[in-house]
Amino acid sequence: MQIGIGIVAFLVFIVFVIVWYLVLKRSIAEAMLLGLLVCCAFSGIQNIPTTFVTSLKDAMTEDVMAAIMLFTIMSSIMTQTGIITRLVNILNAILGRLRGGPAYVSACASALFGMVSGASSANAATVGSITIPWMRESGWSKEVAATMNTGNAGLGICIPPSSSMFLMLGLPAVAGVVEAGDLYFALLCGGLWTLVYRLILVRYYVHKYKIPPISKEKIEPLGTALKQGGSSLAMFLGIIIPLVVITGPVATLLEGLASFGEDGVDAMNIIIWVPVLIMLICLIEGRKLLPKTLDGWAKMLLASAKQCCNCGAVSLFAMASSNALNQTSFGEDMTTILSALTLPKFVLILIIGYVIALAAGPMNATSTTVSLGPVAYSAMVSVGVPPVTAIVAYLIFASTEGASPPMSSPIFVSSSIAGLNDVSVMFKPLIFHYCIPIVFVGVLVAMGILPIIGG
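Cut-offs and rules
Residues numbered from 1 in each chain as written. Predicted model: local features only at pLDDT ≥ 70, side-chain atom pairs only at ≥ 80, totals over all residues. Heavy atoms only, no water. Patch = residues over 30% accessible without salt bridge, like charges linked within 9 Å, V, L, I, M, F, W, Y side chains within 5 Å. Areas by Shrake-Rupley, 256 points an atom, 1.4 Å probe, with all protein chains shown as cover. Salt bridge = Lys/Arg side-chain N within 4 Å of Asp/Glu carboxyl O. Lys, Arg positive; Asp, Glu negative; His and termini not counted. Charge placed at Lys NZ, Arg CZ, Asp CG, Glu CD. Helix = DSSP H or I, 4+ residues; strand = E, 2+ residues; numbered from the N terminus. Buried < 20%, exposed > 50% of the residue type's maximum accessible area, 1.4 Å probe, protein only. Phe/Tyr/Trp six-rings, centres within 6.5 Å; stacked < 30°, edge-to-face > 60°. Disulfide = S-S within 2.5 Å.

1. As for a negative patch on the surface
Logical step 1: A cluster of like negative charges, contributed by Glu-255, Glu-262, Asp-263 and Asp-266, occupies part of the molecular surface.
Logical step 2: Here the element with the most residues in the negative patch is helix 15 (residues 261–266); it accounts for three residues.
Logical step 3: The residue Glu-262 is located in helix 15 in this model.
Logical step 4: Given a relative accessible area of 52%, Glu-262 falls into the exposed group.

2. Considering the packing of aromatic side chains
Logical step 1: Applying the stated rule across the entire model yields five aromatic pairs.
Logical step 2: Where Tyr-184 meets Phe-185, the ring centres are 5.6 Å apart and the plane angle is 70 degrees; that geometry is what we call edge-to-face.
Logical step 3: Judged by its relative accessible area of 48%, Phe-185 falls in the partly exposed class.
Logical step 4: Judged by centre distance (5.9 Å) and plane angle (40 degrees), the rings of Tyr-204 and Tyr-205 are tilted.
Logical step 5: Of the aromatic side chains, those joined through ring pairs into one cluster are Tyr-204, Tyr-205 and Tyr-209.

3. Here we look at a nonpolar patch on the surface
Logical step 1: A cluster of nonpolar side chains, contributed by Val-15, Ile-18, Val-19, Leu-22, Val-23 and Leu-24, occupies part of the molecular surface with about 520 Å² of accessible area.
Logical step 2: Looking at the secondary structure, you find Val-23 in helix 1 (residues 5–23).
Logical step 3: Relative accessible area serves as the criterion here: at 57%, Val-23 is assigned to the exposed category.

4. As for the state of the cysteines
Logical step 1: What the rule picks out here adds up to zero disulfides.
Logical step 2: With no disulfide partner, Cys-158 has as its closest neighbouring cysteine sulfur the one in Cys-189, 12 Å distant.

Structure follows, in structure tokens:
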């Protein structure tokens, strides 16, 4: 079996970035920029300028790039207006006595939000807006808070309903074999197994980082916290309003209007709406704490601009590298590898899982499902995995999209909310605490060791 140029390009890119950043001690933004040029070279030396410009242009027009900038500014405004401090006081009054309470809420909230939005970037943005600042105020480091939010983002893919689930149901090999109702409850079980793992990981992190409960003197009675900062709860409207508009009866009503329609509803992107609305609410609710002088506004905006530049450059080059990589034969090469595998059941499923996880980072879950889903499903069914179980296992594998460095958009969304400049500190824990173990959970589901309903 010959390794295709797309696989080689991906491996060379990863090795180059690691060596340039970790061995030569250069900046991660510089490593990503030069890594982008390396990816472009695999489309032909003579095509480097064209591929470079096209990849950057496509990356700059992605909604995630705008969201990263908006969330960075939002984080600064939330801090400046004091709204997050008042909100954290209320949350601590409810859960502050539980060690690591915000982290448990983060995992569970990501699972609940996954039932509404199947996009990992939207999950990271929406849940992280609340839980990352809360974790920071509760003793967690910005690195760990951003890592956990990123690692939880993939729950939007393996908790039904998700776009990847419907893509799998639409495959010719699946249509007529698996019904949506059967898959829904089976996938819910599979997604909950990954949630259980994440909750165990929270307990491990609480012990590892010696996260204490909030001291009693810092926990106000709930009534007092609500009286002093109840207006801060208006921040949740920044999340609730977009959800109400794009899902449920309101969305159905809007879709039925000739002047709006389904295209209008689909055009309302939650990862853009959420930071914009939260910023507006914070500016109105916390207007008394905003700078009163031009110099004060300049300092606040400069602080946000610096963070935008640091995080924005890395995310831009990472997404552009992903675009350049997709212009090689990366997806086709992955399909070739999966098609050629003839191994014992456990080994085959394990390799399929890690191949999917490897591809999901640069390609995202949707693209991976379209290109690799059919062959991965067929390969697992051929070794005796029931069809429903094979789809559940595949979606668990693909759910590592959010936690697959260095090109995953939730990494940059979470780091922008947390104010984390060096995203590379998240790479190792994301790989060893999220990607590898979650793939193994999927393998255990495929093997029938972790039971699912209807699998």
